[in-house]
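So you can see what is in the structure, the chains are spelled out below.
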Amino acid sequence: NGVFTGKAVVAHRWYDFLVEVTMKDGRIVSAEDYGTRPKTKWDRKRHEKFINNNGLSVYVGKTKEEAAAITDADMVSGATFSSEAAKAAIQDALK
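Let me begin by describing the structure that accompanies this report. These figures come from a predicted structure and were not determined experimentally.

Some details on the sheet that holds strand β2 (residues 16-24)
Link 1 in the chain: One open sheet accounts for 3 strands, arranged β1-β2-β3; its pairing is antiparallel. Since the sheet does not close on itself, it has two edges, and those belong to β1 (2-9) and β3 (27-33), each with one partner. On average, adjacent strands in this sheet sit at an angle of 25° to one another, irrespective of strand direction.
Link 2 in the chain: Contacts from helix α3 (residues 80-93) reach β1, β2 and β3, with the element oriented near 135° to β1.

The following block contains the structure:
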């Protein structure tokens, strides 16, 4: 149980995706952006698309192992790099 932060580099975009993950009873109860600062307008649009399409909500209710098993099919279309970085940041937070 607890609140954990993690980060991962967004591939090919050179900025960090920052997350805050809250765990309770072995499950993620919340996963939120923790101040990610995309560098360009294009990056901001992709990041906003990921957040606005509830890209982090796919992790809520999952165990650490279930979160690690999230596949590309569960990711936000058009925000692939953000989706992949979010997954890596969550894994970083839970290590």
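Digging into the packing of aromatic side chains
Link 1 in the chain: This structure, assessed with the given rule, holds 1 aromatic pair.
Link 2 in the chain: Each ring, one from Phe17 and one from Phe50, has its centre 5.6 Å from the other, and the planes form 90°; the classification is edge-to-face. Note that Phe17 is positioned in strand β2 and Phe50 in helix α1 (residues 41-52), a separation of 33 residues in sequence.

Some details on the pattern of salt bridges
Link 1 in the chain: Applying the stated criterion to the full structure yields 4 salt bridges.
Link 2 in the chain: The salt bridge partner of Arg13 is Asp43, with a shortest N-O separation of 2.5 Å. In this pair, Arg13 sits in the loop between β1 and β2 while Asp43 sits in helix α1, placing the two residues 30 residues apart along the sequence.
Link 3 in the chain: Of the residues examined, Asp43 reaches a relative accessible area of 2% and is grouped as buried.

Some points on the pairing of β1
Link 1 in the chain: Judged from the 8 bridges that link them, β1 and β2 form a sheet pairing that is antiparallel. Bridge assignment links Val3 to a residue of β2, and that residue is Thr22.
Link 2 in the chain: Between β1 and β2, which pair antiparallel in sequence order, lie 6 residues; one of them, His12, sits at a positive phi of approximately 65°.

Observations concerning the environment of Lys62
Link 1 in the chain: As for its position among the elements, Lys62 is in the loop between α1 and α2 (64-68).
Link 2 in the chain: Non-local contacts of Lys62, meaning those with residues more than four positions away in its chain, are made with Gly26, Arg27, Ile28, Ala67 and Ile70.

So, unusual backbone geometry
Apart from glycine, the bulk of residues carry a negative phi angle, and the bulk of peptide bonds sit in the trans form.
Link 1 in the chain: Its identity as a non-glycine residue notwithstanding, Asp25 has a phi of 55°, on the positive side.
Link 2 in the chain: Of note, Asp25 is situated in the loop between β2 and β3.
Link 3 in the chain: Asp25 gets classed as exposed once you look at its relative accessible area, which sits at 64%.
Link 4 in the chain: Unusually for a residue other than glycine, Asn54 sits at a positive phi of about 55°.
Link 5 in the chain: Residue classification places Asn54 among the exposed residues on the basis of a relative accessible area of 51%.

Conventions adopted
Residues numbered from 1 in each chain as written. Predicted model: local features only at pLDDT ≥ 70, side-chain atom pairs only at ≥ 80, totals over all residues. Heavy atoms only, no water. Pairing = 2+ DSSP bridges. Helix = DSSP H or I, 4+ residues; strand = E, 2+ residues; numbered from the N terminus. Axes fitted to C-alpha atoms, helices over the stretch in contact; angles between N-to-C directions. Contact = heavy atoms within 4.5 Å. Phe/Tyr/Trp six-rings, centres within 6.5 Å; stacked < 30°, edge-to-face > 60°. Salt bridge = Lys/Arg side-chain N within 4 Å of Asp/Glu carboxyl O. Buried < 20%, exposed > 50% of the residue type's maximum accessible area, 1.4 Å probe, protein only.

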